[in-house]
Amino acid sequence: MSWGLQNRLNRIIRPDTKRTVMLAIDHGYFLGPTSGLEEPEKTIVPLLPHADALMLTRGILRQCIPPTSNTPIVLRVSGGSSILGKLDNEGITTSIQEAIRLNVSAVTLSIFVGAEHEKQTLMNLSQLVNEAEAYDTPVLAVTAVGKDMGRDARYLGLCCRIAAELGAHFVKTYYCEDFEQVVTGCPVPIVVAGGKKTPEKEALELAHNAIQQGAVGVDMGRNIFQSEAPHAMIQAVRKIVHKNASVNEAYDLFQTLKNQK
Ligand code: R5P
């Protein structure tokens, strides 16, 4: 791997722990002003010091994130669909030159395996890898499966492996039963999404299980920014990811920090 590409990846996956806590706030690219992100700046800016990287679109980056921020950016460059249409009908929305101008550390897009536009999204990934590697910029592939397919180890393992085979440098997927099989079959690092909002302790359990079974970290959104105490939740997640804390230790930290405010 070239020096530039390795250096950018090291900004996201911390070399000291070989893990990462990414904060995902790109939901608006198909959901609009989703709960907790109606005014992204208010929710997200206080969390920036606790995030190893921030995943978002160029519009929210330019409008809501101060250019004084040092938090590495993972820029979503796919879109073109909405919650009202066919989600898998995506194209590339942002050029690699624009991503470089925005000084991002990686670019990201979704692939939809088993969906109507599967081939289109896999070709998007292949094209993005071709273009991003010319600038030594890593690509994160976000896996989604077709509507009728379970989010299980068989299908998520299929998605992650295809993403790696097409050249993704790291992959984001969902936690599932037998998650270690997904990790074993994927030769690049995996980060897990948090999924829909659950009670804080359950989200911490998910993070803990994923790390124990080989994920290099989380790329968590709703379970942080929709938490009753986002600043406490992200620090509790960090304790699991970077300090190998137990779920109870992390939950105690969450309660302490929540009550401090
Ligand atoms: C999905 O397409 C986006 O990348 C989301 O940002 C992400 O998967 C959601 O994160 P979470 O499930 O933790 O809210």
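Above this text is the structure in question.
Quick summary incoming for the structure in this document. (Residues numbered from 1 in each chain as written. Predicted model: local features only at pLDDT ≥ 70, side-chain atom pairs only at ≥ 80, totals over all residues. Heavy atoms only, no water.)

1. Details of the overall build of the protein chain
Put simply, the test is: The way it works is that DSSP assigns letters per residue, a run of H or I at least four long becomes a helix, a run of E at least two long becomes a strand, and they are numbered from the N terminus. Radius of gyration: over C-alpha atoms. The globule rule applied is 2.2 Å multiplied by the number of residues raised to the 0.38 power. Exposure classes here rest on a 1.4 Å probe applied to the protein chains alone. A residue is buried below 20% of its type maximum, exposed above 50%, and partly exposed in between. Residue contacts are defined here by distance: any two heavy atoms, one from each residue, within 4.5 Å place the two residues in contact. Here the positive residues are Lys and Arg and the negative ones are Asp and Glu; neither His nor the chain ends is included. Where a charge lies is defined by one atom per residue type: Lys uses NZ, Arg uses CZ, Asp uses CG and Glu uses CD.
The number of helices and strands found in the protein chain is twelve helices and ten strands. Taking 18 Å as the expected radius of gyration for a compact globule of 261 residues, we find that the protein chain reaches 17 Å, a close match to that expectation. By the burial criterion, 54% of the 261 residues in the protein chain qualify as buried. Contacts in the protein chain between residues far apart in sequence, at least 24 positions, make up 67% of those at least 6 positions apart. Side-chain charges in the protein chain split into 26 positive and 27 negative, and the spacing between the mean points of these groups amounts to 4 Å.

2. A look at the side chain of Arg8
Heads up, the rule is: Counted as salt bridges are all cases of a side-chain nitrogen of Lys or Arg within 4 Å of a carboxyl oxygen of Asp or Glu.
In this fold, Arg8 is placed in helix 1 (residues 3–12). Asp136 is the oppositely charged side chain nearest to the buried, salt-bridge-free Arg8, at an N-O distance of 5.2 Å. Apart from the residues within four sequence positions on either side, Arg8 is in contact with Val104, Ser105, Tyr135, Asp136, Thr137 and Pro138.

3. Here we look at the packing of helix 9 (residues 200–212) against helix 11 (residues 230–243)
Put simply, the test is: Where helices are involved, their axes are fitted lines through C-alpha atoms of the stretch in contact, as for all axes, and angles between N-to-C directions lie from 0 to 180°. An angle counts as roughly parallel when it lies under 35 degrees, as roughly antiparallel when it exceeds 145, as roughly perpendicular when it falls between 65 and 115, and as oblique in every other case. It is the rotation of the near helix from the far one that decides the hand of a crossing: anticlockwise by less than a right angle makes it left-handed, clockwise makes it right-handed. When residues are sorted by character, Ala, Val, Leu, Ile, Met, Phe, Trp, Tyr, Cys and Pro go into the nonpolar class, Asp, Glu, Lys and Arg into the charged class, and all the rest, Gly among them, into the polar class.
Relative to each other, helix 9 and helix 11 sit at 25°, their axes nearing to 9 Å. One finds that helix 9 runs roughly parallel with respect to helix 11. The chirality of how helix 9 crosses helix 11 is right-handed. Residues Glu200, Ala203, Leu204, Ala207, His208 and Ile211 of helix 9 form the contact with helix 11, whose own contacting residues are Met233, Ala236, Val237, Ile240 and Val241. Considered class by class, the residues forming the contact of helix 9 with helix 11 number nine nonpolar, one polar and one charged.

4. A short note on unusual backbone geometry
Even without glycine at this site, Asn103 takes up a positive phi of about 60°. With respect to the helices and strands, Asn103 occurs in the loop between helix 5 (96–101) and strand 6 (106–113). A positive phi is found at Asn244, a non-glycine position, where the angle reads about 55°. Examined against the element boundaries, Asn244 turns out to sit in the loop between helix 11 and helix 12 (247–260).

5. A short note on the pattern of salt bridges
If the charged atoms of two oppositely charged side chains come close together, the side chains can form a pair. One pass over the full model with this rule turns up twelve salt bridges. In this structure, Arg76 and Asp26 form a salt bridge, with 2.6 Å as the shortest nitrogen-oxygen distance. Remark: Asp26 occurs in the loop between strand 1 (20–24) and helix 2 (28–31) and Arg76 occurs in strand 3 (residues 73–76); sequence separation between them is 50 residues. A single burial state applies to Arg76 and to Asp26, both of which are buried.

6. Digging into the nonpolar core
As a reminder of what qualifies: What makes a nonpolar core is a set of buried Ala, Val, Leu, Ile, Met, Phe, Trp, Tyr and Cys residues whose side-chain atoms join them at distances within 4.5 Å.
The biggest cluster of nonpolar side chains holds 69 residues, and the ones touching the most others in it are Leu23, Ile44, Leu54, Val107 and Leu125. Sorting elements by how many residues they give to this core places helix 11 first, with seven residues. If near-sequence neighbours (up to four positions away) are discounted, Val107 is found in contact with Leu75, Val77, Ile96, Ala99, Leu128, Ala132, Thr137, Pro138, Val139 and Leu140. Judged by nonpolar contacts, the second largest core, of 15 residues, contains Ile13, Ala53, Val74 and Val191.

7. Here we look at a nonpolar patch on the surface
Quick note on the threshold: Patch membership is restricted to residues that have no salt bridge and whose relative accessible area is over 30%. Joining uses 9 Å for like charges and 5 Å for the nonpolar side chains Val, Leu, Ile, Met, Phe, Trp and Tyr. The accessible surface values rely on the Shrake-Rupley method and a 1.4 Å probe; as for residues, cover is taken only from the protein chains in view.
Among the surface-exposed residues, Leu31, Ile83, Leu84 and Leu87 lie close enough to one another that they form a single nonpolar patch of about 380 Å² accessible area. You can see Leu84 is positioned in the loop between strand 4 (78–79) and strand 5 (91–92). Taking relative accessible area as the criterion, Leu84 reaches 82% and is therefore assigned exposed.

8. What to know about the site of the ligand
Under the convention used in this document: Whether a residue is near a molecule or strand depends on its heavy atoms: if one lies within 4 Å, it is near. Within 3.5 Å is the distance limit for a polar contact, defined as a pair of N or O atoms, with the added protein rule that one can donate a hydrogen and the other accept it, and that residues adjacent in sequence qualify only through two side-chain atoms. Only protein atoms enter the 1 Å grid used here, on which a cavity is any set of points holding a 1.4 Å probe that cannot leave and a pocket is any open set flanked by protein within 12 Å on both sides along at least five of seven lines; residues with an atom within 4 Å of a point are listed as lining. More than half of a molecule's atoms lying within 2 Å of a cavity's or pocket's grid points is what places that molecule inside it.
If you check the shell around the ligand, you find 13 residues, and the closest are Asp26, His27, Gly195, Gly221 and Arg222. In the model, an oxygen atom of the ligand is placed 2.8 Å from a nitrogen or oxygen of the Gly195 main chain. Of the pockets mapped on this structure, the ligand occupies the largest pocket. For the shell around the ligand, the residue count by class is four nonpolar, four polar and five charged.

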